[in-house]
Amino acid sequence: MKLAVLTSGGDSAGMNAVVRAIVKIGILRGCETWIVREGYEGLVRGNTQAHAIHADLPADASALKCAHRGVPTNLTQNLRFGDGDLLRDGTGDHHHGRTLKGRYIVRVGWDDVRGWFAEGGTLIGTARSAAFRTPEGRLSAANNLIKEGIDALAVCGGDGSLTGADLFRSEWPSLVAQLLAQGMITEEQAEKHGHLKIVGLVGSIDNDMSMTDLTIGAPTALHRICEAIDNINSTAASHSRAFVLEVMGRHCGWLALLAGVSSGADFIFIPERPPQAMPGGTWEDEMCEAIQGHREAGKRKTIVIVAEGAQDADLQPIRAEYVKDVLTERLGLDTRVTTLGHTQRGGRPCAFDRILPTLQGEEAVKALLEATPDTPSYMIGVRENKITRVPLMEAVAMTRAVADAIGAKDFAKAMSMRDPEFYQ
Ligand code: F6P
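The protein is annotated in an unreviewed UniProt entry as ATP-dependent 6-phosphofructokinase of Suillus placidus. Database annotation for the protein, UniProt heading Cofactor (unreviewed entry): "Mg(2+)".

Enquirer: Any chance you could break down the overall build of the protein for me, citing the residues and the numbers?
Expert: On a plain count of helices and strands, the protein comes out with 14 helices and 15 strands. Residues counted as buried form 57% of the 424 residues belonging to the protein. Considering only contacts within the protein whose residues lie at least 6 apart along the sequence, 76% involve residues at least 24 apart. When the accessible surface of the protein is totalled, it reaches about 17400 Å², and 51% of it is carbon and sulfur.

Enquirer: Give a detailed account of helix α8 (residues 254-263), specifying residues and quantitative values.
Expert: Here α8 lies mainly inside the structure; eight of its ten residues are buried. Of all the residues in α8, the buried ones are W254, L255, A256, L257, L258, A259, G260 and S263. Following α8 by one or two positions, G264 adopts a phi angle in the positive range, close to 65°.

Enquirer: Please set out the pattern of salt bridges residue by residue, giving values where relevant.
Expert: Under the criterion given, the structure shown has 17 salt bridges. Between R241 and D334 there is a salt bridge, with the nearest N and O atoms lying 3.0 Å from each other. With R241 in the loop between α7 (218-239) and β10 (242-247) and D334 in the loop between α10 (320-331) and β13 (335-339), the pair connects residues that are 93 residues apart, well separated along the chain. Judged by its relative accessible area of 35%, D334 falls in the partly exposed class. Between E363 and K366 there is a salt bridge whose closest N-O contact spans 4.0 Å. Of this pair, E363 and K366 both sit in helix α11 (residues 352-370), separated by three residues, roughly a single helical turn. For K366, a relative accessible area of 40% puts it in the partly exposed group.

Enquirer: Go over the packing of helix α4 (residues 135-148) against helix α5 (residues 159-181), please, and point to the residues and values.
Expert: Direction vectors running N to C along α4 and α5 enclose 75°, while the axes themselves pass 9 Å from each other. Here α5 runs roughly perpendicular to α4, going by the angle between their axes. Contact residues: R138, L139, A141, A142, N143, L145 and I146 in α4; L167, F168, E171, W172, L175, V176, Q178 and L179 in α5. Among the residues forming the contact of α4 with α5, the class breakdown is eleven nonpolar, two polar and two charged.

Enquirer: Let's hear about the sheet that holds β10: which residues, and what values?
Expert: As summarised here, the arrangement of the four strands in space is β11-β12-β10-β13, forming an open sheet in which the pairing is parallel. With one partner strand each, in any of the chains shown, β11 (267-269) and β13 form the two edges of the open sheet. Within this sheet the neighbouring strands show an average axis-to-axis angle of 15°, counted without direction.

Enquirer: Please set out the UniProt feature "active site" (unreviewed entry) in the protein residue by residue, giving values where relevant.
Expert: Within this structure's numbering, the places UniProt gives as "active site" (unreviewed entry) are D206. In this structure, D206 sits in the loop between β9 (197-202) and α7. Given the relative accessible area of 8%, D206 is considered buried.

Enquirer: So what's going on with the site of the ligand? Residues and values would help.
Expert: Neighbouring the ligand are R128, I205, D206, M248, G249, R250, E308, H342 and R345. In this structure, an oxygen atom belonging to the ligand sits 3.3 Å away from a side-chain N or O atom of R250. In this structure, E308 approaches the ligand through a side-chain N or O atom, which is 2.5 Å from an oxygen atom. Burial of the ligand by the surrounding chains reaches 74%, relative to a free accessible area of 400 Å². Class assignment of the residues belonging to the shell around the ligand gives a composition of two nonpolar, two polar and five charged.

Enquirer: Give a description of the packing of aromatic side chains that names residues and reports values.
Expert: Applying the stated criterion across every chain yields a total of six aromatic pairs. Here the aromatic residues Y40, F132, F168 and W172 are joined through ring pairs into a cluster of three or more. It is R20 that lies over the ring of F117; its NZ or CZ is 3.8 Å from the centre. Against the face of Y378 rests R389, its NZ or CZ located 5.7 Å from the ring centre.

Enquirer: Quick one: what's the story with a nonpolar patch on the surface, residue by residue and with numbers?
Expert: A surface patch of nonpolar side chains, amounting to about 250 Å² of accessible area, comprises F352, I355 and L359. Within the fold, L359 resides in helix α11. You can call L359 partly exposed: its relative accessible area is 43%.

Rules used in this analysis
- Residues numbered from 1 in each chain as written.
- Predicted model: local features only at pLDDT ≥ 70, side-chain atom pairs only at ≥ 80, totals over all residues.
- Heavy atoms only, no water.
- UniProt positions renumbered as here; feature names shortened; annotations may be inferred.
- Helix = DSSP H or I, 4+ residues; strand = E, 2+ residues; numbered from the N terminus.
- Buried < 20%, exposed > 50% of the residue type's maximum accessible area, 1.4 Å probe, protein only.
- Contact = heavy atoms within 4.5 Å.
- Areas by Shrake-Rupley, 256 points an atom, 1.4 Å probe, with all protein chains shown as cover.
- Salt bridge = Lys/Arg side-chain N within 4 Å of Asp/Glu carboxyl O.
- Axes fitted to C-alpha atoms, helices over the stretch in contact; angles between N-to-C directions.
- Parallel < 35°, antiparallel > 145°, perpendicular 65-115°, else oblique.
- Nonpolar A, V, L, I, M, F, W, Y, C, P; charged D, E, K, R; others polar.
- Pairing = 2+ DSSP bridges.
- Near = heavy atom within 4 Å.
- Polar contact = N/O pair within 3.5 Å; in protein donor to acceptor, adjacent residues only side chain to side chain.
- Phe/Tyr/Trp six-rings, centres within 6.5 Å; stacked < 30°, edge-to-face > 60°.
- Lys NZ or Arg CZ within 6 Å of the ring centre and 35° of its normal.
- Patch = residues over 30% accessible without salt bridge, like charges linked within 9 Å, V, L, I, M, F, W, Y side chains within 5 Å.

Okay, here's the thing in structure tokens:
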């Protein structure tokens, strides 16, 4: 099997560990391994440069076998993706006088991903590709994969990226037929590539995917937020101030909720559970009453966490600045707003964001090796501490259903579909 891996959508800590796991486990299972740079964008662009890096390699890649492991080693011949060089280059285009410019689909070996565990972001690049959303873009992507002989694709990204993967697979027979009709591929290639194997791993700091307990990158982002709140706590207590923190998560409140629980926040706003107005009152009354109570009980600081997607029961956004104004005007608290922004997303993965991708990477390769034209594309998840395989489209549909339930103001349904244990 010729197996390519790409990362797509917003980066998350642990994506490099996914690439490392797929490459190393793929090699150990006898696959030829490739990376696609810049997500789906790289798939659409393909390799335009004539001097293909792997074309420099001896035809028999066993010449490059690492003696003690018996597996292909550094196939990029000191391009040194490994140890973070791709990242440090800034563009990922030039290394040791060799070039990756115009090359988005690159064969890699064992040592190319050495040291990738500890690197933040994604060393192979990511993008939110507009081109891949077009039929022409997906046709070009199919052509580029077939040109390289790749028949299996592991995609690490959020629900949008995984939906794209499933669409690509469902369109695959028609894409192959079009390429054949246009004379872009031969009969032989069309026959050999009748089926594209796809697997999804969920990389997102938001932990917003249904049918899995945890997405890759969410634990690290949560840790970053907790560290930030710890820092804010000391200055808040010194001045007896209130802080309103806006945290990421898009339409999901997991980061805000868990950060609040981990740091003893006074009030938390999440999209799945809008603040309840007290009988005859408003949510502002409820918040002020709770915070006033904490102050009267002797607390010198106030922490309010607002998920970026937080909204009230009428689906009106709740903004950190507005919450600040309420605390200032109604409780007379000296209040500041801190938006943590992309500090939540970057940086080194925590241990769990190295372990989870490794375990899931192994399952992903296994799922691809076992895939047939009749099996669905799987999403690799984790449920109750066990690595799982669920039909990718079921997970995507369930994730969409949560958003729909919120949109329809059916918050109880939204929470029950997320994870009742956390959201009740
Ligand atoms: O999905 C991850 C995420 O970080 C969200 O939490 C946030 O809403 C969004 O991406 C930010 O995207 P960008 O980095 O494109 O501004």
